[in-house]
Amino acid sequence: MLEFDQVSYHYRRGQEVLRGVSFRIREGEFLSIVGGNGSGKSTLAKLMNGLLLPRSGTVRFDARPTSDAAHLQAVRQGVGLIFQNPDDQFITTGVSDEIVFGLENIRVPAEEIGERVRQALRAVRMEPYADSAPHELSGGQKQRAAIAAVLAMRPRLILFDEATSMLDPRGRADMLHRMRELHRQGLTVVQITHHMDEVPASDRVLLLDRGEIAFDGTPDDFFASADLESYALDTPFAVRVHEHLGLTGSLSADWKERVADQWNTPRK
Ligand SMILES: Nc1ncnc2c1ncn2[C@@H]1O[C@H](COP(=O)(O)OP(=O)(O)OP(=O)(O)O)[C@@H](O)[C@H]1O
Ligand SMILES: [Mg+2]
């Protein structure tokens with residue numbers, strides 16, 4: 001569905017931020033992207049939905065390069081990006097307006113727009129704020145509104161760039177629950193996260209280190225083999241306990257179930 005082929009990127013006057021990055025995402029996957037500050041995660045996210053184009057190499061969505069101008073609309077609609085900082089996301093001056101704006105842009109028929117707006121607001125429990133302006137919302141509420149605007153576009157791949165960073169614990173649990181639900185419904189989900197305890201629910205982990213892929217594999221192998229601390233990542237509590245007890249073998253079958261259970265139960 002999405003393919004990076006030897007992709008490199010640098011900002012206008014800067015050094016290379018991504019170097020020779022290659023990987024593929026299959027339809028229906030749930031992928032986590034991790035890495036220290038400045039390792040290139042958000043840059044990678046923007047390359048995924050055509051907001052940035054590679055300086056060299058190729059990004060393909062549905063086998064067509066994102067650099068193909070005639071394909072860009074399909075890429076932007078197909079890959080929904082939720083930014084790290086919701087202030088970067090808002091274009092209009094109201095929550096509903098923001099959703100409508102996106103839908104008009106992709107030419108959704110007028111008679112369909114009202115229902116799509118209501119559905120999206122309901123999905124993130126933001127109905128009471130339909131008419132609020134961005135400056136009247138908390139950080140977490142802004143993030144929910146941004147998510148509603150992306151969901152309303154019905155993307156096939158949804159990309160969360162640390163979308164839980166501004167949410168309270170309940171909001172974070174709800175968001176993870178929501179990601180899993182979207183994944184179950186057939187969406188391809190990519191989450192960029194600093195929370196290692198959010199990783200086990202995904203099928204696969206990509207670790208970025210100074211613009212290069214340092215690991216690409218399953219969460220089990222990731223926690224078993226990657227030296228997390230040397231990449232400025234936290235070792236999850238469950239893994240530390242496991243190591244402390246001197247346990248061996250795959251820790252995840254049982255542990256993953258428990259994490260999954262925790263996420264499957266939305267908190268009241
Ligand atoms: N608009 C920009 N102009 C110039 N340099 C930039 C720009 N955005 C990011 N960079 C640089 O690119 C590098 C990678 O940044 P990026 O935002 O992709 O990292 P990140 O992995 O998302 O980090 P974080 O965990 O802090 O979100 C950093 O060195 C950063 O300074
Ligand atoms: Mg980032």
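Residues numbered from 1 in each chain as written. Chains lettered and ligands numbered in written order. Predicted model: local features only at pLDDT ≥ 70, side-chain atom pairs only at ≥ 80, totals over all residues. Heavy atoms only, no water.

- Per an unreviewed UniProt entry, the chain is named ATP-binding cassette domain-containing protein, and its organism is Saccharibacillus brassicae.
- UniProt, in its Subcellular location (unreviewed entry) section for the chain, records the words "Cell membrane".
- Per UniProt, the chain has the following entry under Sequence similarities (unreviewed entry): "Belongs to the ABC transporter superfamily." (UniProt positions renumbered as here; feature names shortened; annotations may be inferred.)

## Quick look at the sheet that holds strand β2 (residues 16-25)
So, point 1. In space, the 4 strands of this open sheet follow the order β2-β1-β4-β5, with antiparallel pairing throughout. Unpaired on one side and paired on the other, β2 and β5 (64-65) mark the two borders of the sheet.
So, point 2. Sheet strands in contact with helix α1 (residues 41-48) are β1 (2-10), β2 and β4 (56-61), and its direction is about 55° off that of β2. (Pairing = 2+ DSSP bridges. Helix = DSSP H or I, 4+ residues; strand = E, 2+ residues; numbered from the N terminus. Contact = heavy atoms within 4.5 Å. Axes fitted to C-alpha atoms, helices over the stretch in contact; angles between N-to-C directions.)

## Overview of the pairing of strand β10 (residues 212-217)
So, point 1. As paired elements, strand β9 (residues 204-209) and β10 share 5 bridges and run antiparallel to each other. Each residue of the ladder has a partner; that of V205, found in β10, is G217.
So, point 2. Hairpin geometry of β9 and β10 is characterised by an intervening segment of 2 residues between the two adjacent antiparallel strands and by a positive phi of about 40° at R210.

## Regarding the pattern of salt bridges
So, point 1. Following the criterion strictly, the structure yields 13 salt bridges and no others.
So, point 2. A single salt-bridge network, built from bridges that share partners, covers E3, D5, R24 and R60. (Salt bridge = Lys/Arg side-chain N within 4 Å of Asp/Glu carboxyl O.)

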